[in-house]
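Read off the chains here:
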Amino acid sequence: YTSWPSLFSIRVGSNYHTGSDGQTRTVSKITMHPNYNSRTNDFDMALLEFPALSSSSNIGYICLPPTNVDPFRTNDNLVAIGWGVLASGSSISPSALRQVTVQAVASNAQSCINGEISNTNVQFCAGVSGGGKGKLFSA
């Protein structure tokens, strides 16, 4: 993974894939989670390090929960943000950042058991029953 950082850059302070607004930085270091398992995708996360950003009102921060605390309760509203496809089976992503509100689903719910949840210690289930805003998914 040591050669990967130069292949990636981040862009903050913009809601669009292209354009000149926001700030762009080249990733200087990638640290994969030490327990990452490519077979199961457990611990599929990494830290990206990049040069400092300038202060901007267009940049927001997230708060992370304390270690070993489950931050989700069944039916909690969760917001998913990204440039994912807008229709099932589509390969076209929108140019503007999108968001959708979904609900946390109990990991023992049938829709999660039948899905891709293989390790409830590191995965959670969320979605909208009946569709319209996506389907149940794990992250």
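The paragraphs below set out a description of the structure included in this document.

About the criteria used
- Residues numbered from 1 in each chain as written.
- Predicted model: local features only at pLDDT ≥ 70, side-chain atom pairs only at ≥ 80, totals over all residues.
- Heavy atoms only, no water.
- Helix = DSSP H or I, 4+ residues; strand = E, 2+ residues; numbered from the N terminus.
- Buried < 20%, exposed > 50% of the residue type's maximum accessible area, 1.4 Å probe, protein only.
- Areas by Shrake-Rupley, 256 points an atom, 1.4 Å probe, with all protein chains shown as cover.
- Salt bridge = Lys/Arg side-chain N within 4 Å of Asp/Glu carboxyl O.
- Polar contact = N/O pair within 3.5 Å; in protein donor to acceptor, adjacent residues only side chain to side chain.
- Contact = heavy atoms within 4.5 Å.
- Patch = residues over 30% accessible without salt bridge, like charges linked within 9 Å, V, L, I, M, F, W, Y side chains within 5 Å.

Let us now look at the overall build of the protein. If you tally the helices and strands in the protein, you get 1 helix and 8 strands. Each helix and strand of the protein, placed in order from N terminus to C terminus, yields the pattern β-β-β-β-β-β-α-β-β. Out of the 139 residues in the protein, the part that is buried amounts to 16%. In the structure as shown, the protein presents an accessible area of about 10,400 Å², 51% of it carried by carbon and sulfur atoms.

Phi angles above zero are rare outside glycine, and Phe43 is one such case at about 60°. Mapped onto the elements of the fold, Phe43 is located in the loop between β3 (29-32) and β4 (46-49). Judged by relative accessible area, which is 23%, Phe43 ranks as partly exposed. Phi at Asn75 is positive, roughly 75°, even though this residue is not glycine. Considering the arrangement of structural elements, one finds Asn75 in the loop between β4 and β5 (77-82).

The next subject is the pattern of salt bridges. Counted according to the given criterion, the structure contains 2 salt bridges. Among the salt bridges present, the one from Arg11 reaches Asp21, with a minimum N-O distance of 2.9 Å. Placement of the pair is Arg11 in strand β1 (residues 9-12) and Asp21 in the loop between β1 and β2 (23-26), with a sequence separation of 10 residues. Judged by relative accessible area, which is 24%, Arg11 ranks as partly exposed.

Mapped onto the fold, Gln23 is located in strand β2. Exposure remark for Gln23: the relative accessible area of 14% places this residue in the buried category. A polar atom in the side chain of Gln23 sits 2.8 Å from the backbone nitrogen of Ser54. Discounting residues that sit within four places of it in the chain, Gln23 has contacts with Ile10, Arg11, Val12, Leu53, Ser54, Ser56 and Ile59.

On the surface, a cluster of nonpolar side chains totalling about 330 Å² of accessible area is made up of Trp4, Leu7 and Phe8. Along the chain, Leu7 turns up in the segment before β1.

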